[in-house]
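Close look at the chain arrangement
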Amino acid sequence: MKVADKHPRSIFKDIIAGIIIAMVSIPISMGYSAVAGLPVIYGLYGSLLPIVLYGLLTTSPRFVFGVDAAPAALVGGMLAAMGIASESETAIKTVPVLTVMVSIWLLIFYLFNSQRLVRFISHPVMGGFITGIGTTIILMQIPKLFGGTSGRGELIELISHIVKEASAGFNLLSFILGLGTVIIITVMRKLIPSIPMAPVMMLAGLLLGYFANLKSFGVMLLPEVPAGLPKIFIPDPEIIYEYGFEMLLPSLTIALVILSETLLATNNYAVKYDDEINGRREILAYSIANLSSAFLGSCPVNGSVSRSSIADQFGVKSQIMSISAGVSMLLVLLFATPFISYLPVPILTGIIISALISTLEFDLADKLRKTDKNEFFIFIAAFLTVVIFGTIYGVIVGIILSATNFIIKASSPHTEFIGYTKSDSYNGFYPINDTASVRPIKNVLIYRFTGALFYANINIFQKDIIDNVKDGTKVVIVDAAGLASIDVTAARMLLMIEDKLSERGIRFYLVGHVAKINDELRSLGARKLIDDGAVKRSISRALQDAGIKKPYETEVEAEINSNGFVRKYAEYKWAYGDEAERMLRNIAAELAEKYAGDKDYNFEDIRNDAMKRTHGHLDIVDMDEFLDMLEMQFAILYSEGKMDEDAEAIALEDRIIEYHIKLEKDILDKNDDSINRIIRHRNRREERFKKDHPDAYKKMESERNRYDSAISARDKRLADILKHRKD
């Protein structure tokens, strides 16, 4: 057990937190026990010894272990697939045997140092899998909200069961109690997240069940449960003989879920608090905790993210919290079980459903939908497979899709061509597409490849180089700073590329990589590259070796401002990518709203505010675009009646126009190509603005006419250039 702070005050806080964790665990553990096909009392048994043993063995000072959603759902699904009735004598004998098998698998993982397996289970796979399980359990539990029995099976069977149970008898009071519990917990979780509502609602349910005659209204209460400690469970040989082989794969799946979900969550807390976690010892703690759960007759146990979050809110610093929770559960079993029979079933069901809702990761799916379509597809595929076909198929499909996605990503590495910029402040080698100032060096092809170079992507590497070699090319340089590794196929292809280029009188270089790549080249039979001098530490050394010296002659010369404003733009776009324009538009909208009703504002206030919000990243080109966006936002406020066109507003618009003209004159003087970018982006923005805000566009159009007139009056050359390029 790791105690991070032995101060008496800290220990007292951990003891109090443990009591609260035990109170939260009572309704949750009972509910998940029912999900796993066991009587509710076994959920309390599973929250007794396992949490204490985990607390004594773990290297994580603040994580909570116990009966939890994913293993319970997997167990319940397995029983349904095996045709074993929930809470039957066979189920009570079978589930602990399964828990023993899970413990054995975890012990095997410990012996083989298998914590590294977690690296190969992607977040989309796990997210889709857990969300599918959570959704399945919710569908199982829904009939219990209105007085029915829980369902079993997959999506079609569960929906059919819900309809059937509702048709057979729908108890409105039960439904109000259950749904009300879900709503209260969900709302309070957002309004006052520091208060654990599960025990509060359980207490309210107990009081309601004790003082109100709910049974007379058809509301089901929990059955009476025996007081006292559990009996030691001894596995039944007949169960092992009859179902042992059938439980082999489900137990492995549950062990993998416990390993990945708990270890990932534990590592997240470790990073947050700089805790030193021993992954191998953690797996041993999981195994022993599950073995203790089995000998108490309970289901597999898992790390609980929700209860760990509650412990974190109370500032837990040591596993004294777990020991306190175990002792508290012991007292409950000895003295408080008679009260459990007063708890209404729909309220307990509502507590479970609200707990499950918090485990669903549809927000992750939405994020993936916007950022990575392949991983979004993996999430949805894992989710739908679990819901429609069952958990085992979900695991198999998720792993296959994850592996496929890995191969696809590795087979499509990021590549780009590199040029040179002569800016005094920012001279160096940068991607050619960054800005107009970065130019290819004359007769030199510089190619950057990122990732592992192996049989699945070497053809892309070879094609990119050969297809872009021109008649005048004398040097080909591969910037391999991001090269992770090579295989024998890649090594042979590098030799072939060098030979092909050499036949055409072209020097070939591999530069910037770590020393390990040279070791791999030698071991894979590509030592010739090193002997030929084709391996260099940097691009500049390769150029020097090829006889190309500074100042490098670029293919198309361009005047570069010594203050490096073009490079700053590239840095801004490099940092924010496709979000850069949206971020500027949002800042413009915020500032327009901020200053719309303020008569004392001036242009410098807005400009300084914009620079502050963009951390000083705005160069003169970006500021010019920002002013366009600001004018559009002011036009929207005018059209909505939130701004008056008075003297102060007109004066501000004149200041914006003046600054526009100054910026564009500077841009034209320093970098003519940037004017093309300004006109192209401005036309695109205005067309989009006209479509989205037709009323505000009328105001914007009049401002644009004033702007054009002002330019014509003050700088005829600039006005002609802008008009010509716009046309």
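Source: prediction; values computed, not measured.

When helices and strands are counted, the protein chain shows 31 helices and 9 strands. Scored against the burial criterion, the 727 residues of the protein chain give a buried share of 53%. When contacts within the protein chain are restricted to residue pairs at least 6 apart in sequence, long-range pairs at least 24 apart make up 80% of them. Approximately 33,600 Å² of the protein chain is accessible, and the part contributed by carbon and sulfur atoms is 59%.

This paragraph deals with the environment of I20. With respect to the secondary-structure elements, I20 resides in helix α1 (residues 8-35). With 290 residues separating them along the chain, I20 and I310 place their C-alpha atoms 8.7 Å apart. In this view, I20 contacts P196, I310 and F314; residues no more than four positions away in its chain are not counted.

Let's shift gears to the nonpolar core. In terms of nonpolar packing, the biggest core is built from 105 residues, with M30 and Y32 touching the most fellow members. Ranked by residue count, the leading element in this core is α1, at 11 residues. For Y32, the residues in contact, after removing those within four places along its chain, are V67, D68, A69, A72, I352, A355 and L356. Core analysis: the second largest hydrophobic core is formed by 29 residues, F449, V476, I486 and I506 among them.

A word on helix α25 (residues 579-596). Taking 1.5 Å as the rise per residue, α25 with 18 residues should run 26 Å; its terminal C-alpha atoms sit 25 Å apart, in good agreement. When α25 is considered as a whole, its buried residues turn out to be A580, L584, I587, A588, L591, A592, Y595 and A596. All buried residues of α25 project into a common sector of 155° when viewed along the axis, lining one side.

Inspection of every chain in the model, using the stated rule, returns 17 aromatic pairs. Aromatic pair F417 and Y447: ring centres 5.3 Å apart, planes at 45°, arrangement tilted. Of this pair, F417 sits in strand β3 (residues 414-421) while Y447 is found in strand β5 (residues 444-453), placing the two residues 30 residues apart along the sequence. On the basis of relative accessible area, F417 is assigned to the partly exposed category, the value being 24%. The class of Y447 is buried, set by a relative accessible area of 0%. Here a set of aromatic residues connected by ring pairs shows up, and it is made of F417, Y447, F449 and F461. It is R62 that lies over the ring of Y273; its NZ or CZ is 4.0 Å from the centre.

Mapped onto the fold, S174 is located in helix α8 (residues 172-191). Exposure remark for S174: the relative accessible area of 1% places this residue in the buried category.

Next up on the list: the environment of I121. Looking at the secondary structure, you find I121 in the loop between α5 (89-111) and α6 (123-145). Considered as a pair, I121 and E261 are 140 residues apart in the sequence and their alpha carbons are 9.8 Å apart. Apart from the residues within four sequence positions on either side, I121 is in contact with M126 and S260.

Below, the discussion takes up the pattern of salt bridges. Pairing is possible between side chains that carry opposite charge, provided their charged atoms lie close to one another. Throughout the structure, instances matching the rule amount to 19 salt bridges. Here D366 ties to K370 by a salt bridge, and the two come within 3.3 Å at their closest N and O atoms. Separated by 4 residues within a single helix, D366 and K370 lie in helix α16 (residues 362-371), roughly one turn from each other. Given a relative accessible area of 61%, K370 falls into the exposed group. What you see here is one network of salt bridges that share partners, running through E498, D499, K528 and D532.

How each quantity is defined
- Residues numbered from 1 in each chain as written.
- Predicted model: local features only at pLDDT ≥ 70, side-chain atom pairs only at ≥ 80, totals over all residues.
- Heavy atoms only, no water.
- Helix = DSSP H or I, 4+ residues; strand = E, 2+ residues; numbered from the N terminus.
- Buried < 20%, exposed > 50% of the residue type's maximum accessible area, 1.4 Å probe, protein only.
- Contact = heavy atoms within 4.5 Å.
- Areas by Shrake-Rupley, 256 points an atom, 1.4 Å probe, with all protein chains shown as cover.
- Core = buried A, V, L, I, M, F, W, Y, C linked by side-chain atoms within 4.5 Å.
- Expected span 1.5 Å × (residues − 1).
- Arc of directions from axis to C-beta.
- Phe/Tyr/Trp six-rings, centres within 6.5 Å; stacked < 30°, edge-to-face > 60°.
- Lys NZ or Arg CZ within 6 Å of the ring centre and 35° of its normal.
- Salt bridge = Lys/Arg side-chain N within 4 Å of Asp/Glu carboxyl O.

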